[in-house]
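Tertiary structure, described
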Amino acid sequence: MKIIVKEAGSRLDKAMADLTKYSRTVTNELIKDGQVTVNGNIAKAKYKVQEGDVIEFTEPVEEVLEYLPEDLSLDIVYEDDDVAVVNKPQGMVVHPSAGHTSGTLVNGLMHQIKNLSGINGVIRPGIVHRIDKDTSGLLMVAKNDLAHEKLAEQLKAKTSKRRYLAIVHGNLPSDKGMIEAPIGRNPKDRKSQAVIASGKPAVTRFEVIERFDDYTLISLELETGRTHQIRVHMAYIGHPVAGDPLYGPRKTLTPNEGQFLHAEVLGFEHPTTGEWIEFTAPAPEVFQKAIEKLRDKV
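As the structure is a prediction and not an experimental result, all values here were calculated from the model.

**A look at the packing of aromatic side chains**
Scanning the entire structure with this criterion turns up four aromatic pairs. Here Y22 and F57 contribute two aromatic rings whose centre-to-centre distance is 6.2 Å and whose plane-to-plane angle is 75°, an arrangement assigned as edge-to-face. Note that Y22 is positioned in the loop between α1 (12-19) and α2 (24-32) and F57 in strand β4 (residues 54-57), a separation of 35 residues in sequence. Judged by relative accessible area, Y22 falls into the buried class, the value being 7%. Their ring planes at 70° and their centres at 5.8 Å tell us that F260 and F287 sit as a pair that is edge-to-face. With F260 in the loop between α5 (229-236) and β14 (261-269) and F287 in helix α6 (residues 285-297), this residue pair connects regions lying 27 residues apart in the sequence. Feature note: the residues Y78, F268 and F279 constitute an aromatic cluster, connected by ring pairs.

This is how it looks when you write it as structure tokens:
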């Protein structure tokens, strides 16, 4: 598709949304994927268009996703009229997408929770934030739009608490530390993220819990919420998450069914009462067994 800009000043993603049938979210994804050119050159979303600019991109194929409530016996650790907290199992995708129209957390939520916020559209009802398919642990779910907005504001303001548990390769040189390195889409592999100068600010704090011969058990807290943040940051400092199929080595802990990363603690202000509420979920059995095996070897 070819668009000729008639009025200068708008960001590229907004200009595309204004001049096409696609939403700003869709145009942003196209730009991030490097599928949009301006005057023949790949451009960023923040580029300010000029009169006469020629924007070209391949129109995305729209797939109609049919998804239904499913009884997945989700572990809902808390629920009231405004919010729910669910302990997602390892291996479960958070919301439907191409290739994942069933068996997702959203399918299960639709069965167990009747009211979910609609801010993120019909594919992601109630979903305020996500964790990777192969990461287990706690997620907040909004049951109405007002609760969703307030929970999202806390994530943006970095006032909510998200603490993770991970087994990483090697022995970290210090017991505590902070990783501050920008993360963006990997220019060499569009399916992965990387620490790059043009990335968005990302901050991860870590603390050693227990050391083993070739691995370390650590807790981590996120100050930002970039895609794959913990996995990218730990790989960046030379201590990738054990079992990580994308950023870690092939030789790792067994069974290798996904990264040993668990969202252990979640805390936030209740969107209606303002009361601080906090939840803890134990690591899954496969995670705990891996720790026991490592202890036996020491």
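Picking up where we left off.
**Overview of the side chain of T252**
Within the secondary structure, T252 is located in the loop between α5 and β14. Overall, T252 belongs to the buried group, its relative accessible area being 14%. Of the polar contacts made by the side chain of T252, one reaches the backbone nitrogen of G243; its length is 2.9 Å. The contact partners of T252, leaving out residues within four places of it in the chain, are H169, Y215, A242 and G243.

**Focus: the sheet that holds β4**
Judged by pairing direction, the sheet is antiparallel, and its four strands sit side by side in the order β1-β4-β2-β3 without closing on themselves. Pairing within the sheet leaves two strands with one partner each, and these edge strands are β1 (2-4) and β3 (41-42). Pairing between β1 and β4: three bridges, direction antiparallel. Looking at the pairing, I4 lines up with V54 of β4.

**Let's talk about the pairing of strand β8 (residues 161-169)**
Of all nine residues making up β8, seven are buried, and the element is well covered by its neighbours. Examined bridge by bridge, β8 and β14 share six bridges and lie antiparallel to one another. Note that in β14 the partner of K161 across the bridge is G267. Summarising the sheet, β8 and strand β13 (residues 215-222) pair through seven bridges and their orientation is antiparallel. Residue pairing for β13: I167 is matched across the bridge by L217.

Rules behind the numbers
- Residues numbered from 1 in each chain as written.
- Predicted model: local features only at pLDDT ≥ 70, side-chain atom pairs only at ≥ 80, totals over all residues.
- Heavy atoms only, no water.
- Phe/Tyr/Trp six-rings, centres within 6.5 Å; stacked < 30°, edge-to-face > 60°.
- Helix = DSSP H or I, 4+ residues; strand = E, 2+ residues; numbered from the N terminus.
- Buried < 20%, exposed > 50% of the residue type's maximum accessible area, 1.4 Å probe, protein only.
- Polar contact = N/O pair within 3.5 Å; in protein donor to acceptor, adjacent residues only side chain to side chain.
- Contact = heavy atoms within 4.5 Å.
- Pairing = 2+ DSSP bridges.

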